Amino acid sequence: MLTLSGCASKAMQDYNTAGTEKREACALVEEHKQCGAKPVSRAHKPKSPQKLQDKKINACHWQVESKWRAELDKDLEIEALGVPDYNNVNSRKQTFKKDWKNAAVQKCGKFKDDMVNNNSADWVKYRRELQTFQANNRRYQQCNAELNRKIKQCDVATESENAAEVKVPAKDKLVYHASLLPVYAILLPVVIVMAIFN
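Residues numbered from 1 in each chain as written. Predicted model: local features only at pLDDT ≥ 70, side-chain atom pairs only at ≥ 80, totals over all residues. Heavy atoms only, no water.

Things to note about the nonpolar core
Listed in full, the eight residues of the largest apolar core are W62, V64, L72, V89, F96, W100, A103 and A104. Breaking this core down by element, the ones donating at least two residues are α2 (59-80) and α4 (96-108). Counting residues per element, this core draws most heavily on α4, at four residues. When residues no more than four places from it in sequence are discounted, the contact partners of A104 are H61, V64, G109 and F111. Among the nonpolar cores identified, the runner-up in size contains seven residues, and V29, C35, L147 and C154 belong to it. (Core = buried A, V, L, I, M, F, W, Y, C linked by side-chain atoms within 4.5 Å. Buried < 20%, exposed > 50% of the residue type's maximum accessible area, 1.4 Å probe, protein only. Helix = DSSP H or I, 4+ residues; strand = E, 2+ residues; numbered from the N terminus. Contact = heavy atoms within 4.5 Å.)

Next comes the structure, spelled out in C-alpha cells:
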C-alpha cells in the first residue's frame, strides 16, 4: 500500500510498514520450491555379512591361530577317547580365542584391520541405493528446514501486522484512505487500459 507520510498518522505508517514486511515475508513462502514427499529408503541390506576377513593381511597371525587350533583339536580328540580334561583342554577351549590372539601379537606384532567390504553384486547395489537415499534425504531435510524458517517469518510478520493494525484509530484509517482517493483516481484508468490490452 502507498504510504503518504503527510496524510497518515504514525500508527498508520507503522501499520503500512508492517503490512509491506508481511507481504514480502509471505511471498517468500509462495516462491519456495516444493520439497516433495519425504524420501523412503529402498536399500535392503543383504542377509550375508558385509565384512569379510582377508587373511593375507595378517598371514603370520593366522598361521599362529591354525597351529593353536590344530593342537587344541588333537587334545579334544584324546579327551573324546576317554581321557577327561586332557592337557587342561576344557579351560583352553574356553579361552582359545583370547590365548591364540595374545600369542600371535607376541610373535607377529599388532593386528592390522583385515576386514574388507563384501563387493558382491547385492552389497554393491545396497551401498549405492543407501548413498542415493542419504543424499536425497539430506536435500529434503534442508529444503524443509528452509521452508519452515520462511513460514515462521511469515507468521511473525502477520502477527506484527495484526498488532500494528489494532493501534490504528478508525478515524485515522478513514482519513488515510480518503487522502488516497486522488491516487486511486489516477491509477484506475491505467489499470483499466492495461487490462484491456492484456
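What to know about the packing of aromatic side chains
A complete count under the given rule lists three aromatic pairs for this structure. Between the aromatic rings of W62 and W100, the centroid separation amounts to 5.3 Å while the plane-to-plane angle is 45 degrees, which identifies the pairing as tilted. One end of the pair, W62, is in helix α2; the other, W100, is in helix α4, and 38 residues separate them in sequence. Note on W62: relative accessible area 13%, which makes it buried. Accessibility expressed as a relative area gives 4% for W100, which makes it buried. Geometrically, the ring pair formed by W100 and F111 is edge-to-face, given 6.0 Å between the ring centres and 75 degrees between the ring planes. Here W100 is found in helix α4, whereas its partner F111 is found in the loop between α4 and β2 (115-117), with 11 residues between them in sequence. Through a chain of ring-to-ring contacts, the aromatic side chains of W62, W100 and F111 assemble into a single cluster. Note that K101 overlies the ring of F111, its terminal NZ or CZ placed 5.8 Å from the centroid. (Phe/Tyr/Trp six-rings, centres within 6.5 Å; stacked < 30°, edge-to-face > 60°. Lys NZ or Arg CZ within 6 Å of the ring centre and 35° of its normal.)

Quick notes on the packing of α2 against α4
Two elements in contact, α2 and α4, have axes whose closest approach is 9 Å; the angle formed by their N-to-C orientations is 135 degrees. The orientation of α2 with respect to α4, classified from their angle, is oblique. The interaxial crossing formed by α2 with α4 has right-handed handedness. Taken together, the residues of α4 that come into contact with α2 (itself represented by C60, H61, W62, V64, E65, W68, R69 and L72) are F96, D99, W100, A103, A104, V105, K107 and C108. The residue inventory of the contact of α2 with α4, partitioned by class, reads 11 nonpolar, one polar and four charged. (Axes fitted to C-alpha atoms, helices over the stretch in contact; angles between N-to-C directions. Parallel < 35°, antiparallel > 145°, perpendicular 65-115°, else oblique. Left-handed = near helix turned anticlockwise from the far one by under 90°. Nonpolar A, V, L, I, M, F, W, Y, C, P; charged D, E, K, R; others polar.)

Just distances and angles here, no functional claims.
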